[in-house]
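Coordinate inspection notes
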Amino acid sequence: MAQGGAAARGTAKVQDQGWAWMVLVAAVVLQGLTLGFPSCIGVFFTDLQHEFQATNSETSWFPSIMVAVLHAGGPLCSILVKRFGCRFAVMVGGLLSSVGMVSSSFCKSLSQLYLTAGLITGLGSCFSFQAGVTALGYYFVRWRTLANAMASTGVSIGLTLWPLLSQYLLDEMGWRNTFLIFGGILLNCCVCGAVMRPVKFAFGSLLQFSSTGEEPGRRAEEAQLSNGASSPHLKLQEQTRKITCFQALQNYLAFDIFCQNKRYQIYTIGVTWMMMGFVLPHVYLVPYAIQNGLEERRAALLISIIGFINIFIRPLTGLLSGQTIFTGRRIYLYNLAVLLCGLSNFICVISAEFSMLIFYCVILSIAMSGIGALTFQVLMDVVEMDRFSSALGLFTILESITLLIGPPLTGLLVDITSDFRYVFYTSSFFLISASLFMVLSFCALEKKNKLKDTSKVPPDKSAICNETPNESQSESQPTLAVVHITSI
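Residues numbered from 1 in each chain as written. Predicted model: local features only at pLDDT ≥ 70, side-chain atom pairs only at ≥ 80, totals over all residues. Heavy atoms only, no water.

Focus on the packing of helix H16 (residues 330-350) against helix H17 (residues 354-382)
Running from N to C, H16 and H17 cross one another at 155°; their axes reach a closest spacing of 8 Å. When the axes of H16 and H17 are compared, the pair comes out roughly antiparallel. Remark: the crossing between H16 and H17 carries left-handed chirality. Of the residues assigned to the contact of H16 with H17, the class counts are 20 nonpolar, five polar and two charged. (Axes fitted to C-alpha atoms, helices over the stretch in contact; angles between N-to-C directions. Helix = DSSP H or I, 4+ residues; strand = E, 2+ residues; numbered from the N terminus. Parallel < 35°, antiparallel > 145°, perpendicular 65-115°, else oblique. Left-handed = near helix turned anticlockwise from the far one by under 90°. Nonpolar A, V, L, I, M, F, W, Y, C, P; charged D, E, K, R; others polar.)

Have a look at this one:
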């Protein structure tokens, strides 16, 4: 007991203080290196297109694959974290990211670039980012919300710095040498992973490695079967494995929630549709500005402006959405940001002058801050927390599909029309239609739920009942309303 108490005190010293703040700094750097990195790909768009004599559609597959794998690799990262721990997953991710970018500097075709910088670097960034967020949750309990908000500023810092650094290196030494240098920079993810040492339970066992205790029993069973176990035992083992695979699929991809929870279903479909247009300005804004006569340095500066404003607006949006007035109504605040993001694209279409593009970037950044700060908060509102991780797995995989196909399809439209303005028309269409779909669907669902609630209470019963039932009825009614707002 004395040892358990000492271990508990040791754990308390680790969480929310001391080394936990070093882990927070590492998480900020990680998010800047991983989530912020795809923002600079637009700077290389024109050079890659000329180098490989490729169309807009063919070139846009490169950033699309990277971003899609960054989102879709979540379930695989979860398995890696459970088996080997957060530190290992972050460091493996950093190594993969570095290898992918170094290899891409020697690519002779776009298809090779899809594999190296797209698939390998995207998967490595996914491992480093998601495992880093998980480790942050282990180190912070009381200040977890604050820690996550501060860590998310790393994305905005990355959005600000990556395009400026990319344009400078591109002008000085070309895209191949720049990608080689990026490989070295992304190795810093391994340094961040080394900082995230495993946290201990109250009784001394490592939190990240808790699943490894099942290994001896499983190995003993395998040894028994290999030494001549009977056929019924083999069949039973095979059935058990099938059940385990099904449970794992159910754990990481929550199809049952998607079929039963209407709010989750609406939100997932709406966000998946929205992502078809959300990523388009990040990919095509720099080529659009260059085509309209803007210098390459000033064009790259536009992406940095978006990131710089994000640094300040995203935390404010998180604080605003945390107010009690928005409890259960964050979905409407989220859709307001989506609608603003869609409408802002028309500014870019009206004029391609530098001053108008700066104004466009300011409005777009404000809307993006709302979307970035609220996406997962709204998901927590519509899904129970004990199934959140599995709901997030399906959510990110479906989201990654549209992130993958959106830019190439729009690039094909640009190749046919030779007009980059269609990028912003397409983006506005997907964003505005997704916003209207989610708002109208949630309004209709809440109206339907209210009608169900009122139909359950007979109108004559309230006049006949005494005071005690009336009081209990008045107390229970708001509780039902809250349940319908947050989850189904």
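Observations regarding the environment of Tyr 114
Tracing the backbone through its elements, the reader meets Tyr 114 in helix H7 (residues 110-139). Once the C-alpha coordinates of Tyr 114 and Ser 104 are considered, the two residues, 10 residues apart in sequence, prove to be 8.8 Å apart. Leave out the neighbours within four places in its chain, and Tyr 114 touches Glu 58, Trp 61, Phe 62, Ile 65 and Leu 119. (Contact = heavy atoms within 4.5 Å.)

Here's the deal with the pattern of salt bridges
Taken as a whole and assessed by the stated rule, the structure comprises five salt bridges. A salt bridge links Arg 176 to Glu 51; the shortest N-O distance between them is 3.4 Å. With Arg 176 in helix H8 (residues 144-186) and Glu 51 in helix H3 (residues 45-52), this pair connects stretches of sequence that are 125 residues apart. Its relative accessible area of 26% is what places Arg 176 among the partly exposed residues. Given a relative accessible area of 41%, Glu 51 falls into the partly exposed group. Notably, a salt bridge pairs Arg 263 with Glu 446, separated by 3.8 Å at the nearest N-O pair. Highlighted residues: Arg 263 in helix H13 (residues 262-278) and Glu 446 in helix H19 (residues 421-456), separated in sequence by 183 residues. A residue is classified by how much of its surface remains accessible, and Arg 263, at 1% relative accessible area, is buried. (Salt bridge = Lys/Arg side-chain N within 4 Å of Asp/Glu carboxyl O. Buried < 20%, exposed > 50% of the residue type's maximum accessible area, 1.4 Å probe, protein only.)

Here we look at unusual backbone geometry
Backbone geometry places Gln 53, a non-glycine residue, at a positive phi of 50°. In this model, Ser 418 sits at a positive phi of 55°, which is unusual for a non-glycine residue. Within the fold, Ser 418 resides in the loop between helix H18 (388-417) and H19.

With respect to the packing of helix H2 (residues 19-34) against helix H9 (residues 188-195)
Look at H2 against H9: their axes get within 9 Å of each other, and the N-to-C directions meet at 155°. Viewed along their axes, H2 and H9 adopt a mutual orientation that is roughly antiparallel. As for how H2 packs across H9, the hand of that crossing is left-handed. Of the residues in H9, those touching H2 at Trp 19, Met 22, Val 23, Ala 26, Val 29, Leu 30, Leu 33 and Thr 34 are Asn 188, Cys 189, Cys 192 and Val 195. The residue inventory of the contact of H2 with H9, partitioned by class, reads 10 nonpolar, two polar and no charged.

What about a nonpolar patch on the surface?
Together, Leu 343, Phe 346, Leu 413, Tyr 422 and Tyr 425 give the surface a local cluster of nonpolar side chains, amounting to about 420 Å² of exposed area. Among the elements of the structure, H16 and H19 are those that each provide at least two residues to the nonpolar patch. Looking at the secondary structure, you find Phe 346 in helix H16. (Patch = residues over 30% accessible without salt bridge, like charges linked within 9 Å, V, L, I, M, F, W, Y side chains within 5 Å. Areas by Shrake-Rupley, 256 points an atom, 1.4 Å probe, with all protein chains shown as cover.)

Section: the environment of Cys 77
You can see Cys 77 is positioned in helix H5 (residues 74-84). Take Cys 77: its relative accessible area is 2%, and that puts it in the buried class. The spacing of Cys 77 and Phe 127 is 50 residues in sequence and 5.4 Å in space, taken between C-alpha atoms. Every residue in contact with Cys 77, bar those within four places of it in the chain, is listed here: Cys 126, Phe 127, Gln 130 and Ala 131.

As for helix H14 (residues 280-291)
At 3.6 residues per turn, the α-helix brings residues three or four places apart onto the same side. Compared with an ideal rise of 1.5 Å per residue, which puts 12 residues at 16 Å, H14 spans 16 Å between its outermost C-alpha atoms and is within 8% of the ideal. Of the positions making up H14, those classed as buried are Leu 280, Pro 281, His 282, Val 283, Tyr 284, Leu 285, Val 286, Pro 287, Tyr 288 and Ala 289. Of the residues one or two after H14, Gly 293 is the one with positive phi, at around 90°. (Expected span 1.5 Å × (residues − 1).)

Details of the confidence of the model for the protein
A residue-level look at the protein finds 78% of positions with pLDDT of 70 or above and a mean pLDDT of 80. Of the regions scoring below 50 in pLDDT, residues 202-230 engages in 39 contacts with residues more than four places distant in sequence or in other chains. Note on residues 461-488: pLDDT is under 50 here. Beyond four places in sequence and across chains, it has 22 contacts. (pLDDT = per-residue confidence, 0-100.)

With respect to the nonpolar core
Among the nonpolar cores identified, the biggest contains 63 residues, and Tyr 264, Tyr 267, Met 274, Leu 285 and Tyr 334 are the most heavily contacted of them. Going through the elements one at a time, H13, H14, helix H15 (296-321), H16, H17, H18 and H19 are the ones with two or more residues in this core. Looking at this core element by element, the count peaks at 13 residues for H17. Aside from chain neighbours lying at most four places away, what touches Met 274 is Tyr 334, Val 338, Ile 371, Phe 430, Leu 431 and Ala 434. (Core = buried A, V, L, I, M, F, W, Y, C linked by side-chain atoms within 4.5 Å.)

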